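# Inside the fold
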Amino acid sequence: MSLLTGRLAPRIVEEDGSFRTRMLGIAAGMKDVIALGRGDPDFHTPKHIVDAAKAALDANAHHYTGPTGLPELRQAIAQDLKSSYGLDYNAGNIVVTAGVQESIMLAMLALVEAGDEVLITSPRFTTYDTAVRLCGGVPVPVPTFEAKDFALDPAEIRKRITRRTKVFVLVSPNNPTGAVTPPAVIRQIADLAIKHDLLIIADEIYAKMLYAPNEHLSIATLPGMKERTITLNGFSKTYAMTGWRVGYLAAPLDFVEKVTEPRHTLSINTCTVSQHAALAALTGPQDALHAMLAEYAERRAWLMPALTDAGFTFGHPGGAFYIYTNVAYSGLPAPLFCERLLKETGVMVFPGTMFGDDSTDYIRISYLQPLERIKVAMDRIRGFTRGVRP
Ligand SMILES: Cc1ncc(COP(=O)(O)O)c(C=O)c1O
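Residues numbered from 1 in each chain as written. Predicted model: local features only at pLDDT ≥ 70, side-chain atom pairs only at ≥ 80, totals over all residues.

## Digging into the domain arrangement of the chain
Put simply, an interface is often sized by how much accessible area is lost when its parts join up. The assigned domain composition of the chain is domain 1 (3–45 + 287–385) and domain 2 (63–283). For domain 1 and domain 2, the distance between their C-alpha centres works out to 24 Å. Every contact between the two is made by 32 residues of domain 1 and, on the other side, 31 residues of domain 2. Elements represented by at least two residues in the side of domain 1 that touches domain 2 include exactly α11 (287–309) and β10 (322–326). If one sorts the elements of the side of domain 1 that touches domain 2 by residue count, α11 sits on top with 6 residues. A class-by-class count of the residues in the side of domain 1 that touches domain 2 yields 15 nonpolar, 11 polar and 6 charged. (Domains from an automatic or database assignment. Contact = placed C-beta atoms within 7 Å. Helix = DSSP H or I, 4+ residues; strand = E, 2+ residues; numbered from the N terminus. Nonpolar A, V, L, I, M, F, W, Y, C, P; charged D, E, K, R; others polar.)

Written out as structure tokens, the structure is:
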């Protein structure tokens with residue numbers, strides 16, 4: 001052990017990223033891999049957004065912005081939150097960050113003290129666990145189940161509330177299950193939050209990716225909720241902009257003032273060119289967004305019956321671009337299923353264990369390849385499963 005590692009602060013706890021690294025390493029050495037693993041859209045960023053970034057560079061947008069972001073971007077975000085979700089925020093309520101990822105860290109740094117418990121919809125995007133632990137808090141998963149299409153059940157939240165519970169992280173649509181928490185349940189969660197004085201981090205990064213008849217309700221629109229909610233959203237998924245690193249949090253003005261200096265400390269500001277690109281994403285034409293959403297819907301509609309025909313079950317995803325699929329019938333635990341599927345057929349999917357799931361029955365399929373490639377992947381998955389079944 002090096003001198004430095006021997007002196008690590010206790011907040012640096014063991015996180016196992018080795019499985020993802022191994023899978024990506026195996027894939028790097030293979031030809032014709034069909035990547036249905038990462039949550040990174042296969043579409044490129046729409047051209048008018050890229051052009052806006054080029055124009056910004058030509059116009060010398062090479063410098064720092066204020067820590068909370070370009071005023072015109074904050075304004076455009078506030079307008080979008082209003083028109084898309086009925087959320088009542090002004091430009092001053094917005095902090096632009098390096099992806100939603102940095103907003104998550106900033107929110108946890110601002111709220112979580114040693115020993116605080118943070119409830120998280122689960123299976124889950126495990127960045128939440130790491131962020132909570134880095135702040136000395138304790139992540140507490142709130143399980144959801146395939147039999148109910150991984151719908152969040154307020155009774156499961158209630159059971160886990162203790163004197164130390166401070167925050168509930170509501171991710172809807174959720175990653176990796178695609179489950180959408182319906183408006184009636186969001187209202188129950190709001191009641192619970194008020195009754196038990198919980199704060200809410202509402203991660204709405206997939207909120208524009210909804211399949212009929214599912215509906216999204218932003219919890220901060222409900223009476224008494226805006227003051228106890230931090231709403232997170234961003235550009236990575238909606239506009240196929242994962243590499244640009246733009247996200248944001250929306251919160252009450254005095255909270256924004258308090259987190260401005262910590263935000264400055266993390267990275268001063270979100271990459272200036274990327275902020276100009278994000279501005280173009282919101283203010284420019286939305287046809288490319290609608291075309292991408294239509295294509296995700298088509299892939300999902302093809303893939304669900306194909307999985308059923310192949311003998312798999314899954315929770316019906318109401319949103320996002322994932323299908324959380326039960327592969328127990330293959331006889332292989334999910335991590336082994338994924339590793340062998342990749343090595344033997346070149347299809348990459350991720351096991352549920354990467355999303356904090358204790359069960360080894362699940363894989364997450366990201367339908368982020370053209371439908372023709374997804375069809376080839378499905379043939380390979382079907383053939384592989386037939387071969388390994390006991
Ligand atoms: C639920 C959720 N929140 C946040 C993020 C982070 O997104 P980004 O930092 O690219 O905005 C992701 C990425 O997969 C996610 O699934």
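## Here's the deal with the pairing of strand β2 (residues 94–97)
Residues of β2 alternate between two faces, with Ile 94 and Val 96 on one and Val 95 and Thr 97 on the opposite face, all of them buried. Both β2 and strand β8 (residues 247–250) contribute to a ladder of 4 bridges, which runs antiparallel. Residue Val 96 lies in a different strand from β8, and its bridge partner there is Tyr 248. (Buried ≥ 20, exposed ≤ 12 C-beta atoms within 10 Å, placed from the backbone. Pairing = 2+ DSSP bridges.)

## Quick look at the sheet that holds strand β9 (residues 313–314)
With antiparallel pairing, 4 strands are arranged side by side in an open sheet as β9-β10-β13-β12. The open sheet is flanked by β9 and β12 (350–351), the only strands paired with a single partner. Relative to β10, β9 runs antiparallel, the two sharing 2 bridges. The partner of Thr 313 across the bridge, within β10, is Asn 326.

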